[in-house]
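# Structure at a glance
What follows is the residue order along each chain.
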Amino acid sequence: QVRWQLSSHVHAAVHRLTMTDSESPLNLIIDAGHAVITSDIKNATVHVDPAMGKICGFSLIAGDFSGRIGGGGATIYYCILLNDTNFQAFGVWEGMKVFPASTSAVGKKAGAFFTYPASRADRIVEVRVGISYISVDNAWSHLQEEVGKVSLEELVTLNQNAWRQQLTRVNVTMRNPSLQTMFYT
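Of the voids in this model, the largest pocket is the one considered here, and its volume is about 850 Å³. Around the largest pocket, the lining is made up of 26 residues, and of these Asp 31, His 34, Tyr 78, Val 129 and Ile 131 lie nearest the centre. Contributions of two or more residues to the lining of the largest pocket are made by strand E1 (2-8), strand E2 (12-19), strand E3 (26-30), strand E5 (54-63), strand E6 (74-82) and strand E11 (123-132). Looking at the lining of the largest pocket residue by residue, the classes come out as 19 nonpolar, six polar and one charged.

Now for the sheet that holds strand E8 (residues 97-100). Pairing within the open sheet is antiparallel, and its four strands lie in the order E3-E10-E7-E8. Lying at the two open borders of the sheet, with one neighbouring strand each, are E3 and E8. The mean inter-strand angle of the sheet, taken between neighbouring strand axes irrespective of direction, is 20°. Of the pairings in the sheet, the one linking strand E7 (residues 89-94) to E8 comprises four bridges and is antiparallel in character. Directly across from Val 92, in E8, lies its bridge partner Phe 99.

The rules we used
Residues numbered from 1 in each chain as written. Predicted model: local features only at pLDDT ≥ 70, side-chain atom pairs only at ≥ 80, totals over all residues. Heavy atoms only, no water. 1 Å grid on protein atoms, 1.4 Å probe; cavity = no way out; pocket = protein on both sides within 12 Å on 5 of 7 lines; lining within 4 Å. Points joined across faces, edges and corners; volume = space filled by probe spheres on them. Helix = DSSP H or I, 4+ residues; strand = E, 2+ residues; numbered from the N terminus. Nonpolar A, V, L, I, M, F, W, Y, C, P; charged D, E, K, R; others polar. Pairing = 2+ DSSP bridges. Axes fitted to C-alpha atoms, helices over the stretch in contact; angles between N-to-C directions.

Okay, here's the thing in structure tokens:
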């Protein structure tokens, strides 16, 4: 069983995966060739530094998301940092071909995988992600500057305080407390 927690900043996020009492390994997938939105991946890269737990690359996305940018697509650069590099296996894939222990992949369907061993004790893997529309270097800078040293709990608190600050600009009073709660949440 895996519990997934997440909080984000402007250009970065922290994910925490907690695997509890499992007889199965934890498989972490970085799918650079997949888009959640109705778009098509024109190209993608993934480069892995297994010793550092660093994964960087880009996805060139075309479709609904990037249609207003001139039709050529939008490139989203990313850098990911894993706090736990004690995986039992890693590798990359291109299309349907898997390359265990390899560190680079390029193509419309490129990605990386990390397999952590099964564990009776809780295993916590924190994944820090930075993105940029400019470069991999900018994505790495965003990761370091925005979430490099902050805990997930601190990031949640920062986001809650930012929302409170924005919501206090508007003062709404309603007779029905549940409607007021709905407005402010």
